[in-house]
Amino acid sequence: MSIDTLRLTAEDALGLLERKEVSGAELHRAYLKAVAERDHELHCYLRTVEDAQGESVPIALKDVISTKGVETTAGSKILAGYVPVFDATVAARCRDVGLPVIGKTNTDEFAMGSSTENSAYGPSHNPWNPERVPGGSGGGTAAAVSGGLAPWGLGSDTGGSIKQPSALCGNVGLRPTYGTVSRYGVVAFASSLDQVGPVAKNVRDCARLYSIIAGKDAADPTTVDVPTVELPQAESLSGLRIGVPKEMNEAEGIEPGVTAAVQKAIELARELGADVAECELPRSVEYGLACYYLIAPAEASSNLARYDGVRYGLRVDADTYYEMVERTRDAGFGDEPKRRIMLGTYALSAGYYEAYYGQAQKVRTLIAREHAAAFETFDLLVSPTSPTVAFKLGEKAADPLAMYLSDLLTIPSCMAGLPGLNVPCGLSEGLPVGLQLIGPQLSENTLFRAGHALERALEFDPVPERLR
Amino acid sequence: MAITRHEVLHVAKLARLELSEDEIERLTGELGAILEAVSKVSELDLSDVPPTSHPLELVNTLGSADPGEDEPRPSLPLDVAFANAPAREGDLFKVPPTA
């Protein structure tokens, strides 16, 4: 049978498999064929896996997720040729339920970026318009799902790397509550923030994939017990209290087309029975970005110290050990990791620690408290996910600070360890706009319920217009 | 300028990065601009606010209530652990002399 990979959801695929209308191997082949046809234009994959391992729905994995026997580079030259000798827990959980890997998807180097332009292997392109970025860092997975090169996939999110590319490519993406998904075997960026999560074509697929990967893992001591995941059914939002944080919806730099689409979605939520009211997060938005760009680089500078040319990865030979380490790191890291290592090392260095890193940790407390206060009144908070639709390749590449602003609205909740769901809510200039739903810790089921009801009412078509 | 060339060189040493002359110049400008932006955190008086190092309040997650439950498990065989090593000598990672 012919398989329309652009339209097929994971739930559809499970139905076909159950009725034996298609085999897992046939599905896997259909996606590899789509990759062969379209990935020269989109560059979602750094490498594909030709042999289907598993009889269920195929999956794309971001290249920060260790896959035994399959090269894993995190988009960096310093890991070129690195072939993991074990699976990340999330990869093992996908394998355990029979999801064959289609391939490893492109990412900004070490997941540091908002466009995939920081990948050492070249950028990915947005399926809605290949002159535009797919967002980042998980732009490869997001573009693969929206371009019909994967029914679903996994990303990782530190300050917006699942939610923002999902918004820019028109996918449903979940950044789960910190601690619900194991980080074991996932290339570390900032350990108090990193979280793996699902990207899919709709909320039910997203929930289903989350249920596969979530749960306590003895190999990651930061994991917690996770409530049973409920696949959303309801179409009413009756009784749900939704807060609209003023600062997150009126921030400078939000495009008018983005505001219009988000406002429309908020109106729909009201029509579906939700109690909607304005609220405030005054310091979370104003100070969130500064807080993040101290804490994340500080943790990154520590995590990336392991790339020293000794145990794995690139080595540039030299006469002495320290020269070898310094030359290896200069040759292996690209500009963005170097910038963040330098920034983080500075923020942690003697004389500056209290003023930068110490102060940022206190701001983090304020952000968590502000969100906790909002959740005394509301079940969920809503805002745009990204202030803009997908921007042009090259538009922000030369200005790190302009690029950092892409994550203005995704960062605050990440600092507080909160889950966030992106749901596509319309188009502006022919490009997808994402609605961000934020909930308290472990509120994924509420996010799925609200996201599913809104998705039904919004009737967003996730297939890029030019590919229909 | 929020950061001097001298400081950039010092931090590069701490971070074990051998930067090229071009990189030193570019990073001095870029880090200056970024530090100016992130210095915004110092506007707030937070003397009474405790720091947050982690979003979850977890304690003793590695410890077991019953030490008897702490079962040894096999670790990676040496040949597997060395599979990605740039240089190996016997059961050791081989590196150049430290001086």
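As a starting point, this report considers the structure included with it.

Procedures and definitions
- Residues numbered from 1 in each chain as written.
- Chains lettered and ligands numbered in written order.
- Predicted model: local features only at pLDDT ≥ 70, side-chain atom pairs only at ≥ 80, totals over all residues.
- Helix = DSSP H or I, 4+ residues; strand = E, 2+ residues; numbered from the N terminus.
- Rg over C-alpha atoms; globule rule 2.2 N^0.38 Å.
- Buried ≥ 20, exposed ≤ 12 C-beta atoms within 10 Å, placed from the backbone.
- Contact = placed C-beta atoms within 7 Å.
- Nonpolar A, V, L, I, M, F, W, Y, C, P; charged D, E, K, R; others polar.
- Pairing = 2+ DSSP bridges.
- Axes fitted to C-alpha atoms, helices over the stretch in contact; angles between N-to-C directions.
- Parallel < 35°, antiparallel > 145°, perpendicular 65-115°, else oblique.

## Quick notes on the overall build of chain A
Across its full length, chain A holds 15 helices and eleven strands. For 468 residues, the compact-globule estimate of 2.2 N^0.38 gives 23 Å, and the C-alpha radius of gyration of chain A, at 21 Å, lies within 12% of that figure. With respect to the principal axes defined by its C-alpha atoms, chain A has extents near 70 × 55 × 45 Å. Out of the 468 residues in chain A, the part that is buried amounts to 63%. Once local pairs closer than 6 in sequence are excluded, the contacts in chain A between residues at least 24 apart make up 77%.

## Let's talk about the overall build of chain B
A count of helical and extended segments in chain B gives three helices and two strands. Taking 99 residues into account, the globule formula puts the C-alpha radius of gyration at 13 Å, and chain B, at 23 Å, lies well above it. In terms of its C-alpha atoms, chain B occupies a principal-axis envelope of roughly 55 × 45 × 20 Å. Per-residue burial for chain B yields a buried fraction of 15% across its 99 residues.

## Side note on the interface of chain A and chain B
The interface is formed by 54 residues belonging to chain A together with 43 residues belonging to chain B. Every element with two or more residues in the side of chain A that touches chain B is listed here: helix H9 (282-303), helix H10 (321-332), helix H11 (335-348), helix H12 (354-377) and helix H13 (400-404) of chain A. The greatest single-element share of the side of chain A that touches chain B, amounting to eleven residues, is contributed by H12 of chain A. Residues that form the side of chain A that touches chain B fall into these classes: 30 nonpolar, 13 polar and eleven charged.

## Details of the pairing of strand S4 (residues 152-157) of chain A
Residue and element names in this part refer to chain A. Of all the six residues making up S4, six are buried; the element is thus mostly covered by neighbouring parts of the structure. As paired elements, strand S2 (residues 59-62) and S4 share two bridges and run parallel to each other. Bridging across to S4, Ala60 finds its partner in Gly153. Here S4 runs beside strand S6 (residues 195-200); their pairing, made up of six bridges, is antiparallel. Considered in S6, the bridge of Trp152 is made with Ala200.

## Digging into the sheet that holds S6 of chain A
Two modes of strand pairing occur in sheets, parallel and antiparallel, and in both the strands are linked by backbone hydrogen bonds. Residue and element names in this part refer to chain A. Here we have eleven strands laid out as an open sheet, ordered S1-S3-S2-S4-S6-S5-S10-S11-S9-S7-S8, and mixed in their pairing. At either end of the open sheet lies a strand with only one pairing partner, and these are strand S1 (45-48) and strand S8 (275-279). If you compare each strand with its neighbour and ignore which way they point, the axes differ by 25° on average. Sheet contacts for helix H8 (residues 256-271): strand S7 (241-245), S8, strand S9 (380-384), strand S10 (420-428) and strand S11 (431-438); angle to S10, the most-contacted strand, approximately 115°. Across the sheet, helix H15 (residues 444-458) lies against strand S5 (172-175), S9, S10 and S11, angled at about 15° from S10, the strand it touches most.

## Description of the packing of helix H1 (residues 5-14) of chain B against helix H2 (residues 21-38) of chain B
Residue and element names in this part refer to chain B. It is at 10 Å that the axes of H1 and H2 come closest, and there the two elements cross at 105°. The angle between H1 and H2 places the two elements in the roughly perpendicular class. Across the interface between the two elements, Arg5, Val8 and Leu9 of H1 pack against Ile24, Leu27, Thr28 and Leu31 of H2. Among the residues forming the contact of H1 with H2, the class breakdown is five nonpolar, one polar and one charged.

## Things to note about helix H6 (residues 203-213) of chain A
All names here are of chain A. Burial analysis of H6 places nine of its eleven residues in the buried class, which makes it a mostly covered element. Residues Val203, Arg204, Asp205, Cys206, Ala207, Arg208, Leu209, Tyr210 and Ile213 constitute the buried set of H6. One or two residues past the end of H6 sits Gly215, with phi positive at roughly 130°.

## Things to note about the packing of H6 of chain A against H15 of chain A
Residues and elements named next belong to chain A. Relative orientation of the contacting elements H6 and H15 amounts to 160°, with a least axis distance of 9 Å. As judged from the angle between their axes, H6 and H15 are roughly antiparallel. Of H15, the residues touching H6 (which contributes Val203, Arg204, Ala207 and Tyr210) are Glu444, Phe448, Gly451, His452 and Glu455. Its residues placed into classes, the contact of H6 with H15 shows four nonpolar, two polar and three charged.

## Details of the environment of Val199 of chain A
All names here are of chain A. With respect to the helices and strands, the residue Val199 is situated in strand S6. Distance from Val199 to Ala10, taken between C-alpha atoms, is 11 Å for residues 189 residues apart in sequence. When neighbours within four sequence positions are excluded, Val199 is seen to be in contact with Thr141, Ala142, Val145, Trp152, Gly153, Gly155, Ile162, Ser166, Asn171 and Gly173.

Fair warning: the whole summary comes from geometry, so function is off the table for now.
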